[in-house]
Amino acid sequence: MIAVVRFPGSLDHDSAIRAVQAVGGQATYAWHADTELPAGTRAVVLPGGFSYGDHLRPGAIASRSPIMAPVRRHADAGGLVLGICNGFQVLCEAGLLPGVLRTNQSTSFVCRQVELEVVDRHTPFTRELGGSLSIPIKNHDGAWFGDPATTRIVLSYGAENPLGAVASAAGVANAAGNVLGLMPHPEEATDPLLGSTDGLGLFAALVRA
Amino acid sequence: MSAPLHRQLGLSDEEFAAIPGLIGRPPTDPELVMFSLMWSEHCSYKHSRSLLRRFPTTGPHVLQGPGENAGAVDVGDGWAIALKVESHNHPSAVEPFEGAATGVGGIVRDILALGARPIALLDSLRFGTLDSPRSRHLFTRAVAGIGHYGNCIGVPTVGGEVVFDDRYEDSCLVNAMCVGLVPADGMLRAAAFGEGNLLVLIGNRTGRDGIGGASVLASAELSADDDSKRPSVQVSDPFTERKLIDCCLELAGGGLLLALQDLGAAGLTSAASEMAAKGGVGLEIDLDRVHLREEGMAAAEILVSESQERMLGLVDPANLDAVLAMCARWELDANVIGTVTGTGNFTARHHGEIVVDIPASALTDDAPSYAVPRDPAPAPVALDLDAVPVPGDLANAWLALLGRPNIASKRWIYQQYDHLVGANTVRRPGGDAAVIRIPGMSRALAVTTDCAERHCELDPRGGGRASVFEAARNIACTGGLPYAASDCLNFANPEKGSTGWRLAEAIEGMSEALEAISVPVVSGNVSLYNESPERAIYPTPVIGMVGLLEDAAASVGHAYGAEGDLVVLLGGGLPRLDASEWLGTASGSPARPDLGREAALVSAMVTAARRGVVTSAHDVSDGGIAVTLAESALAGGIGCTVTLPGGRRADEVLFGESGERIVVTCRPEALAALRESAGDVPVAVIGAVGGDTVEVSVDGMSVRLELERARDVYETTLTKAIA
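In this convention, every chain numbers its residues from 1, walking through the sequence in written order. Chains and ligands are labelled sequentially in the order written, the chains with letters from A and the ligands with numbers from 1. Totals for whole chains, interfaces and linings use all residues, but because this is a predicted model, local features are given only for residues with pLDDT of at least 70 and pairs of side-chain atoms are given and counted only at 80 or more. Side-chain numbers come from the whole structure's heavy atoms, not from hydrogens or water.

Engineer: Mind showing me how you'd approach the pattern of salt bridges here?
Structural biologist: Pairing between side chains becomes possible if they bear opposite charge and their charged atoms approach one another. All names here are of chain B. When a carboxyl oxygen of Asp or Glu lies within 4 Å of a side-chain nitrogen of Lys or Arg, that pair is called a salt bridge. According to the stated counting rule, one finds 50 salt bridges over all chains in the structure shown. Residue R473 pairs with E598 through a salt bridge whose shortest N-O separation is 2.9 Å. Remark: E598 occurs in helix α20 (residues 595–610) and R473 occurs in helix α18 (residues 460–477); sequence separation between them is 125 residues. The two residues R473 and E598 agree in class, both being buried. Residue R667 pairs with D565 through a salt bridge whose shortest N-O separation is 2.4 Å. Of the two residues, R667 sits in the loop between β23 (662–666) and α23 (671–678) while D565 sits in the loop between β19 (540–549) and β20 (566–570), which places them 102 residues apart along the sequence. Connected through salt bridges with shared partners, the residues R461, R465, E505 and E512 form a single ionic network. Each helix is a run of H or I in the DSSP string that is no shorter than four residues. Each strand is a run of E no shorter than two, and both are numbered from the N terminus. Exposure categories follow from relative accessible area, calculated using a 1.4 Å probe and restricted to protein chains: below 20% of the type maximum is buried, above 50% is exposed, and the middle band is partly exposed.

This is the structure we're talking about:
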C-alpha cells in the first residue's frame, strides 16, 4: 500500500493515487492530522499543491503537522518517501532532505514541459529509469538552493535550468537514497493522452518497494 | 454629503418611491441598503433582463438553464457539466490583482454551488494597448491575480483570450469562466425549502471588504476618483477557497446538503433572498451568529459584505452535527445563522431586534426592469480599399503581424497558469480550444472563449453571430461537438447612445447563430457601464463554449504533423480586410456570417475529426490565413508550401478575415474521406506540409516566411511589450 499524504491545500493527491494505480499498485490517503500512517504502508508520497496556502513559507507548516512524525520514522527505517513539488518543499522544511526551495528565477509561476536528465541511477527510485524524462514543472518556488558538493542530486534540468536551481538540480535525495524530492510532476506524465508516460517509472519504484 | 441616502446608494427617486408599496411601510436603513444592491444592474439585470429572454436555453441535454448559480448539461454515463462565465471588470480596473483573483474565486463558487467539482478555468481579457503604462500594469497584475488564485486552488486554467485595444484603456475587461463536473442525479440547487431546515454559513469570516461592490463598482461608470472606491474591492484567500471546495464536495457527496448557494455580489442579502424567493419560503437570520472578522459591524454591513470564500448551505437539523464536524475537519468556520420559515419574508435580527422584515421576492422578483433605448447606430461605411495602401513588402508585413500583441503567442500568460493540475489536460493552451478529458470517462471536453468585438462595433448582429461561430469553429477544430454555451455581455452605458440597440442586436445575432448549431445558453452574466467620459468599450459579448468529444484520444491539434500531408481549406468564406486585425481598427463593413454555411462548416469539421481523417485543424481568424498557416507551422516545427486563390489584392488574400474557413491537413490517401466528410462544404487542396519555410503563392507572386525568424518574433513579442 502506498500512502499519499493529504494536507489542507494539497492539490495533486488524486493524480498521485491514479498514477500508483496506473502501474498496478494500491494507494490510499493519509490525513495530515493523523499520528500513524495507514496500516500496511510500504511507501509514502507527499503530493504537490499549496499546503496551508504556502503561508509562512511553502511547506513550512505542513512539515510540522502530526503526520510528519510517522513519515520521519518510516524514512529513518529505510522506507521510500517521494516528495513532489510542494512535497519536496515539505521534505526540505522537515530536514529530511538537504537545502531549500527558493522563488523561481523569473519570480513568477512556471508551467511547462521540461527534459530531465537522470544523473544518479543508484537510488531505489532511479535504478530502472531511462536516461532522460519528459515531465512538466508547475511551481512558483522551485529553485533548489543547497550545497551540491554534499547533496545527492538525482535529477537535473541539464543546461537549461529553467528555474535557476543550484547545479540545475530538479530532484535531490538523502544520503541513503530512500527519500527523494523533485519539483517536476511525474503524476502529470502518466498517460500518452497527457503527452508523456515518463513519470510512471517513479511510481513503479514505489510499488516495487 | 447632502444627497438623500437612497441616491448615495445608487437608487433612483422612482425606485425609492416604489419600495413602501412593496413592503407596506418605509424601509429601515438596512433594508434600503439591501434594496439598493439587489436592484442594482449587477444583481437584477434591470436593463438587460427583457433582452436576455431571446437566447435559446433549451435542449434535450439541458439539465439546468439560466437562473441558477450556473447552468448544466448532461454528458452521459450519469455525469453533468456545469458552466458559467462572469465578469469582474470594474474591481479589476480599481485593483487588478485582487479584482481578477476574486473574479476567479467567484466563478468557481458558482460552479461549486451546484455541487460540481471545478475542472477547468478560462479567462477572457481586454486591455488598452501595451504602450500605455496603465494598461501594462492592469494586464500584468490581472494575469498575476488569475494565476495566483487558480494555481492555489488546483483548478487548471486551460484557455481564454486577450485583446489589446485603445478602446479598453479606461475600462478593462476581466471575464472568468469555470467548468465543473457533477453526478447528474446529485446536482444541488439554491432554492430553500422545508420549515425548520437550517442555514449554515461556511467559510471565511465576514468583514468590511467589498461593501457595496455590486452597486458602487459594477453598476456605474468609473471616473477619476476611483481611488476612493478601493475599499469596495474584495480580498482573496485561495487557501480557504480550496478547503471550501474540498469540504462542500464531501458534504454534497455525503448527501448532507439540501441546497447550496455562494455568497457573491451583495453577499448574504443576495444569497439568502435568492434562496428564499426561489423556494417560495421565508428565512429568519440572526446576524449575531455570523462569524465576523472585525467588531462593531452594523447590521447593514453584515448583510451586504462581499467578503470572499463563503457558502450558504441548507441543512436538515438531523444532519447538523455531521455537517459541523466535516467543516471542523477542514478547519473552516461554520455557524447556523438562520432557519427556513413559512412567512415568505426575509427577516434579520441584530442584537435581539428585528432590523429587516420584508418579502424576499420584493428584493428579487419585484426588482425594476427597464426597456433600454434602441436607437440604431449609423450603418457601417464600406471600406475604401483604395485608401488602404498595399504593403510594399508582404513578407515583412506578415512578420510584423505575427509580432502584434493581439496575434503573437500568449505563452507568457499561460506559462504562469497551472494548466495541468488534475492530470486531465489533453490539449494545452495555445491551440484553437483546450481539451480536458472527463475523469473516469473516455469522453473529453473542448473549451474556449471568444468574441469578435470589432465586428460587433460595426454590426452587432453580425458580430454576435461571428463570436458564436468563432467559438464553434475553435471547438470543432479539436474534434468537439459544440454542446453548451455561457455568455458574458460586456457593454457600455445602456442608457446612452446606441448601446441598448447594440446589446439587443448582439443578443439577436448570437441567438441566431446558437440556434443554427443547436447550442443552448445555460448561464450568463451582463456587465454594463464599461465606459469613461473619454471612451466606451467595443460591444464585447464574450461567448464561453463547451464541446463534447466522444473519444479523448481522437482529439485534433493545430500543429502540422508529417511532411507530405496535404494542406486543405474547408469552407467558402471570402477574405476581407473589414474589421480585420491587419487594419487594427473597427472600420469597413464586414460580411454578416451566413448561418447555414457556418453551421455546415462546423458540422463538416466535427465529422472529419471524428472519422480520424485530419492530422491537424486550425481555424482562420485574426490576421487571416497567413497567420493560420504560420501558427500551425510554428506549432509543428515544419513549414508548408501553399497556393491561395487570387483575383483579389494580395493583402486581402493573406490577411483578410471573414469566418467560415478552417485549414486542415490530411494524409494524401485520406483526401477522398475528407471530401466525403465535408458534404457540401467547399474543399480545396491548397498545398502540402514540408520544409522550414511557409511559402504562399497568390496570382503567381510568392511570399516566404522563414520559420525560425517567425518563431523569434511570435514568441518574444509579449515579453518585450511588457518589459
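Engineer: Could you clarify how one ought to interpret the interface of chain A and chain B in this entry?
Structural biologist: In many reports, interface size means the accessible area that the parts give up when they come together. With 28 residues of chain A at the contact, the number on the chain B side is 28 residues. The tally of links from chain A across to chain B stands at three salt bridges. Salt-bridge contacts for K138(A) lead to D418(B); the nearest nitrogen and oxygen are separated by 2.9 Å. Two N or O atoms count as a polar contact when they lie within 3.5 Å, although within protein this holds only if one can serve as hydrogen donor and the other as acceptor, and sequence-adjacent residues are included solely when both atoms are side-chain atoms. Scanning the region where chain A abuts chain B turns up eleven residue pairs in polar contact (both at pLDDT 80 or more). Those elements that provide at least two residues to the side of chain A that touches chain B are α1 (13–22), β6 (110–118) and β7 (132–139) of chain A. At four residues, the largest contribution of residues to the side of chain A that touches chain B is made by β6(A). Its residues placed into classes, the side of chain A that touches chain B shows eleven nonpolar, nine polar and eight charged. Every residue pair with non-hydrogen atoms within 4.5 Å of one another is taken to be in contact. Gly falls in the polar group here, along with every residue not listed as nonpolar (Ala, Val, Leu, Ile, Met, Phe, Trp, Tyr, Cys, Pro) or charged (Asp, Glu, Lys, Arg).

Engineer: Could you clarify how one ought to interpret empty space enclosed by the protein in this entry?
Structural biologist: A water-sized probe rolled over the atoms picks out the places where empty space is left. Residue and element names in this part refer to chain A. A 1.4 Å probe that fits but cannot get out identifies a cavity on a 1 Å grid over protein atoms alone, an open set with protein on both sides within 12 Å along at least five of seven lines counts as a pocket, and a residue lines either if it has an atom within 4 Å of a point. Grid points are joined across faces, edges and corners, and a volume is the space filled by probe spheres set on the points. Per the counting criterion, the structure on display carries two cavities of 30 Å³ or more. By volume, the largest cavity amounts to about 120 Å³. In terms of lining, the largest cavity is formed by 18 residues, of which the most central are G49, F50, C85, K138 and N139. For the lining of the largest cavity, the secondary-structure elements that each account for two or more residues are α3 (86–93) and β7. Looking at the lining of the largest cavity residue by residue, the class counts come to five nonpolar, eight polar and five charged.

Engineer: Before we go on, may I ask you to explain the pairing of strand β2 (residues 27–31) of chain A in this structure?
Structural biologist: The side chains of a regular strand alternate, residue by residue, between the two faces of the sheet. Residues and elements named next belong to chain A. Strand pairing follows a simple DSSP-based rule, namely that at least 2 bridges must link the two strands. Across five bridges, the pairing between strand β1 (residues 2–6) and β2 is parallel. Counted as the bridge partner of A3 is T28 from β2. Taking the sense of rotation as the criterion, the β-α-β connection linking β1, α1 and β2 turns out right-handed. Note on handedness: a clockwise path from strand one over the helix to strand two, with the strands aimed away from the viewer, defines a right-handed crossover.

Engineer: I keep staring at helix α13 (residues 320–329) of chain B and nothing clicks. Help me out?
Structural biologist: Residue and element names in this part refer to chain B. Turning to α13, its buried residues number three or more, namely L320, V323, M326 and C327. Projected down its long axis, α13 carries its buried residues within an arc of 130°, all on one side. Opposite the buried face of α13, by more than 90 degrees, sit the exposed residues D321 and A328. Looking at the buried side of α13, the elements it contacts are β7 (198–203), α10 (238–253), β10 (310–315) and β11 (334–341). In this context, the arc is that of the directions from the helix axis out to the C-beta atoms.

Engineer: Before we go on, may I ask you to explain the sheet that holds strand β18 (residues 521–527) of chain B in this structure?
Structural biologist: Neighbouring strands of a sheet are bound in pairs by backbone hydrogen bonds; such pairs are parallel or else antiparallel. Residues and elements named next belong to chain B. Read from one edge of the open sheet, six strands run β14-β15-β16-β19-β17-β18, paired in mixed fashion. Strands at the two margins of the open sheet, each flanked by one partner only, are β14 (425–427) and β18. For this sheet, the mean angle separating the axes of adjacent strands, direction not counted, is 25°. Every axis corresponds to a line fitted to the C-alpha atoms, with the helix fit spanning only the stretch in contact, and the corresponding angles, defined between N-to-C directions, vary from 0 to 180 degrees.

Engineer: How should I be thinking about the side chain of S307(B) in this particular structure?
Structural biologist: All names here are of chain B. By the element assignment, S307 lies in the loop between α12 (299–304) and β10. Its relative accessible area of 0% is what places S307 among the buried residues. At a separation of 2.8 Å, a polar atom in the side chain of S307 contacts the main-chain amide nitrogen of G207. A distance of 3.1 Å separates polar atoms of two side chains, one belonging to S307 and the other to S305.

Engineer: Hey, could you run me through the packing of aromatic side chains in this one?
Structural biologist: The relative placement of two aromatic rings is captured by the distance of their centres and the angle of their planes. Only Phe, Tyr and Trp rings take part, Trp by its six-membered ring, and two of them pair if their centres are within 6.5 Å. Stacked means planes under 30 degrees apart, edge-to-face means over 60, and tilted covers everything else. Under the counting rule described, the total for this entry stands at eight aromatic pairs over all chains. Pairing Y168(B) with Y538(B) gives two aromatic rings, centres 6.0 Å apart and planes at 80°, and the pair type is edge-to-face. Highlighted residues: Y168(B) in the loop between β5 (157–164) and β6 (173–183) and Y538(B) in the loop between β18 and β19, separated in sequence by 370 residues. Think of it as a cone above the ring: NZ of Lys or CZ of Arg counts as a charge over the ring if it is within 6 Å of the ring centre and within 35 degrees of the ring normal. The cationic tip of R6(A) hangs over the ring face of Y29(A); the distance from NZ or CZ to the ring centre is 5.3 Å. Sitting over the ring of W31(A), R329(B) keeps its end group 3.7 Å from the ring centre.

Engineer: I would appreciate a short explanation of unusual backbone geometry in the present structure.
Structural biologist: Outside of glycine, negative phi angles account for most residues, and trans bonds account for most peptide bonds. All names here are of chain A. The residue Y52 is not glycine, and still its phi comes out positive at about 50°. Among the secondary structure elements, Y52 is positioned in the loop between β3 (43–46) and α2 (68–76). By relative accessible area, which is 12% here, Y52 ends up buried.

Functional significance is not addressed by these values, which are geometric in nature.
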